[in-house]
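# Structural overview
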Amino acid sequence: MVPGFAEELRDLLMRAAERGLGPADLAELGRRRGREEWVAAGHFWAQYEEVTQLQGAGGNALGVASAPALDAAELVTSALLALEDDDELRERERTRVRHLFVDDAHHLDPLQTSLVRMIGHTAAEFVVAGDPDQNVYSFRGADASLFADADPDGSRTVTLTTSHRLAPAVRLAVAKIGATLPGASPHRKILPPQGATGGNVRVRVMPTPAAEASWIADQLRRAHLVDGVPWSEIAVLVRSPARTFLVLQRALRAAGVPIGSATEELPLARQPAVRPLLAVLKLAPSPELLDVDLAEMLLSSALGGADPLALRRLRRGLRRLELAGGGQRSSDELLVEALRGGDILAGLADAEAEPVRRVGALLRVTHQAVARGDGVEQVLWQLWRESGLQEKLLNQVERGGSLGAQADRDLDAVVALFDAAGRYVDRLPRASVASFADYLGAQRIAGDTLAPAAVPSDGVSLLTAHAAAGREWTVVAVAGVQEGAWPDLRLRGSVLGVERLKDLMAGVDDDAVSQTAPILAEERRLFYVAMSRAKRTLLVTAVSGEDEQPSRFLDDLEENGADDGGLDSRMKPPGRSLVLAELVGELREVVCDDKAEPSRRRRAAKQLARLAEAKVPGAHPSTWYGLLPASTDVPVHPPGDLIRISPSTVEILTKCPLRWMIERHGGSDPAQLAAVTGTLVHGLAQAVASGRTDAELQAALDEAWVRVDAGAPWFSRRERRRVEQMLRNFVTWLERSRAELKEAGVEQDIEVELPAGGADEVRVLLRGRVDRVELDADGRPVVVDIKTGKVPVSGADAEVHPQLAAYQLAVLLGAIKGSNEPGGARLVYVAKANAKTGSTERSQPPLDEVGGKQWLDLVRDAAASAAGPDYQAQENPDCDRCPARGCCPLRPEGRQVPGP
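Residues numbered from 1 in each chain as written. Predicted model: local features only at pLDDT ≥ 70, side-chain atom pairs only at ≥ 80, totals over all residues. Heavy atoms only, no water.

### So, the overall build of the chain
When you go through the chain residue by residue, the secondary structure sums to 32 helices and 13 strands. Out of the 900 residues in the chain, the part that is buried amounts to 42%. Excluding contacts between residues fewer than 6 apart, the proportion of contacts in the chain whose partners are at least 24 apart in sequence is 72%. Accessible surface, the chain as shown: approximately 47700 Å² in total, 53% of it carbon and sulfur. (Helix = DSSP H or I, 4+ residues; strand = E, 2+ residues; numbered from the N terminus. Buried < 20%, exposed > 50% of the residue type's maximum accessible area, 1.4 Å probe, protein only. Contact = heavy atoms within 4.5 Å. Areas by Shrake-Rupley, 256 points an atom, 1.4 Å probe, with all protein chains shown as cover.)

### Some details on helix H19 (residues 433-441)
Since the α-helix packs 3.6 residues into each turn, any two residues three or four apart lie on the same face. Within H19, burial applies to Val433, Phe436, Ala437 and Leu440. Across the axial projection of H19, the buried residues extend over an arc of 100°, all falling on one side. (Arc of directions from axis to C-beta.)

### Description of helix H8 (residues 168-179)
Between its first and last C-alpha atoms H8 spans 16 Å; for 12 residues at 1.5 Å apiece the expected length is 16 Å, and the two agree. Of all the residues in H8, the buried ones are Pro168, Val170, Arg171, Ala173, Val174, Ile177 and Gly178. In this structure, the buried residues of H8 make contact with strand E3 (200-206), helix H21 (516-531), strand E7 (534-543) and helix H22 (552-557). (Expected span 1.5 Å × (residues − 1).)

### Some thoughts on the confidence of the model for the chain
Of all residues in the chain, 86% have pLDDT values of 70 or greater, and the mean over the chain is 80. The secondary structure element of the chain with the lowest average pLDDT is helix H20 (residues 498-505), at 70, and the one with the highest is strand E6 (residues 473-478), at 94. Confidence over residues 59-65 falls short of pLDDT 50; this stretch has 11 contacts with residues more than four positions distant or in other chains. Segment residues 561-566 is flagged for pLDDT under 50; beyond a separation of four residues in sequence, or across chains, it makes four contacts in the model. (pLDDT = per-residue confidence, 0-100.)

### What about the packing of aromatic side chains?
Applying the stated criterion to the full structure yields six aromatic pairs. The interplanar angle of 35° and the centroid separation of 6.3 Å between the aromatic rings of tryptophan 660 and tyrosine 871 together place this pair among those described as tilted. Here tryptophan 660, found in helix H26 (residues 657-667), pairs with tyrosine 871, found in the segment after helix H32 (849-865); they are 211 residues apart in sequence, far enough to count as distant. Since its relative accessible area comes to 7%, tryptophan 660 is described here as buried. (Phe/Tyr/Trp six-rings, centres within 6.5 Å; stacked < 30°, edge-to-face > 60°.)

### Some words on the state of the cysteines
According to the stated counting rule, one finds zero disulfides in the structure shown. The closest cysteine sulfur to the non-disulfide-bonded cysteine 879 is located on cysteine 888, 6.2 Å from its own sulfur. Cysteine 879 gets classed as buried once you look at its relative accessible area, which sits at 14%. (Disulfide = S-S within 2.5 Å.)

The following block contains the structure:
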């Protein structure tokens, strides 16, 4: 069953039970109202009760009776039935309870109200307190009208109108929102105690979520450092944690604001530290249950330790091994098979195979323990011991910080898991490991435990507005008050008609009634509750941008007084945060500003000196970029040194010396697929020249391709076809060019030292490897360079191509035996077919003495630019795809490194 649908079905059954309906009643109501979904839900409900009763009577594999599983509504219903059916029990409870006080009574549902009335009816003192304006749990069945109508004539009602908690300024802001709530009530006219003063309310609209979070972090830090408010007396409340928690957590931690670590309100089986352990326990007796989703979860959990990149690398490695063995299974199948079969993956690198080895070893250990007949606690202990997580988590706890807090929570969850296993075994001694895992996995609410837990740290509470109900703090920030998110006017329970059922049971039998109005009212009450949690300081923030607008609730709280430019007056400049890093940055900016007043610069320098003496990072000039002298100004190649360059290097140096320097000294990217296939095509072209047949070439390609990691199978097949086409294009070009060219060499090395240009100039050794050397009709050497790129250069660019010219210069200087007169050079693009020649060609005319002298000077200049110590960045057409652009001052992505 889809989780979302299961949640809505559960809500429907609980709301029906809270209003006194049973399975048959719900089905009958559905038939009368033409709601087939209610009829089906009633039938499901009846079956659900039968299964639950069967389990309670011992309807399990062990035949052992156990307490039936009850949801919240069923639990209250059972208590009511027990009291109604057992007069002695009812009188005993009424005698025992002499004073009954119920707080937050606006959160009671009909069943809970009946239970409270039954017990409190005969009590000596029965006090029910609440505020209908704070009913924010109607989606759980709460009905504030039950509390509001409990005393129709008002003879026993006391209305409290003095606020002893809220500071006057906060009280006024809360009263503004209270005045917009539907209906009228005298309790909304709240007055402060006589003589009360103070309080602070600030409403801010920021341009981005990051700016909003940074401003909140700064305000909380000021409240703690300046006003002395303890961290535990500060809270940040949001409507939607998925939208705002991540940005807020990042900003709070960056500003040094600790976040309190409270116990997770999640079922034990859904705790991050427990989930993988339960999965292994479930798989221990039945390894065949392992599927790809479970495999990925285990490998990426703390048990496997694989991040998404490592998991992708593992998948590609498994696929590569499969193809090498002639198989065609997908990486999903291979992943499951590797874990299920305990494969140590000797053919993969240790970094790739280690997650599989760790998880596979744990699966084997637990499977062997179950096969020996070990109990639940013994199997769980062996799994925990073999996982090695205890040492890792304890080390993280000792280091502290956010990781330490998370490790604390994980250890708490594991302790609770062992405690749950002990209690389960005490109740069902013969229970299996799989039944324990199923038992915990079926829980949907967080259960209480006697297991010791870590003491919550002293930090800021980061909560949803619903979780804040009934609590209070000195400083409260209500963040992310956005239109569309707060209020969230999406219809609840629209599939099964939960809200319609509640309306019918409340006597509202009119389909024309607006479904949005009650939701808007509850969203407004939720905002009212969030604001009223603040005792002294209230911060309310939102974002105003192209895609986000502040909520209508902000206008109810504070009118937008636009300035002369039409801007929201609530968008005030945030100012400098109370963070040392920003202070240091501002002082450094003043010190380095030549236009600043000398006295201001001296004061900034004095303050920087004080901060540097206190070891504040970034304050001492020795750590500033660009102020320290270069470590050396000695050239890489001093005068008289021999510089070795290749024709391809000449091309790069001619375009951009900085790129050459960065790539030459470790700044190049790892070999990409295009480079790998290019090398493969060159190797096959060499094999063609050696006289290999088509069958031999195909076999060589098959053998080489299994070692090429081309990624997805479909992409690998496409690249393979492209390589085959390039090979065919080359063979065709080779056959059709024999009428004018004759092969003289393949992959021929050339090496020649250029004539010295002067005593102070560097010496240059030009060496490289020519793909093919051909002879023209006059016996002159023609250099052929095979290119696998998809886009050929233009004919004009080919005539001045530096690499081809360098090859011809080498021929002119005698690098190829037989002739010093070059016959030209050609670029053969085998990736682009040509109907006439087979492959697209670009030609460079032969060099004469004049052209040779010009290119000799150019190669010398290129070699001189490689000598250093300065390397010029030159803009060229390749800048957008240059691998060194992250360090280039001409590029936006590299400008922050070398300069402003």
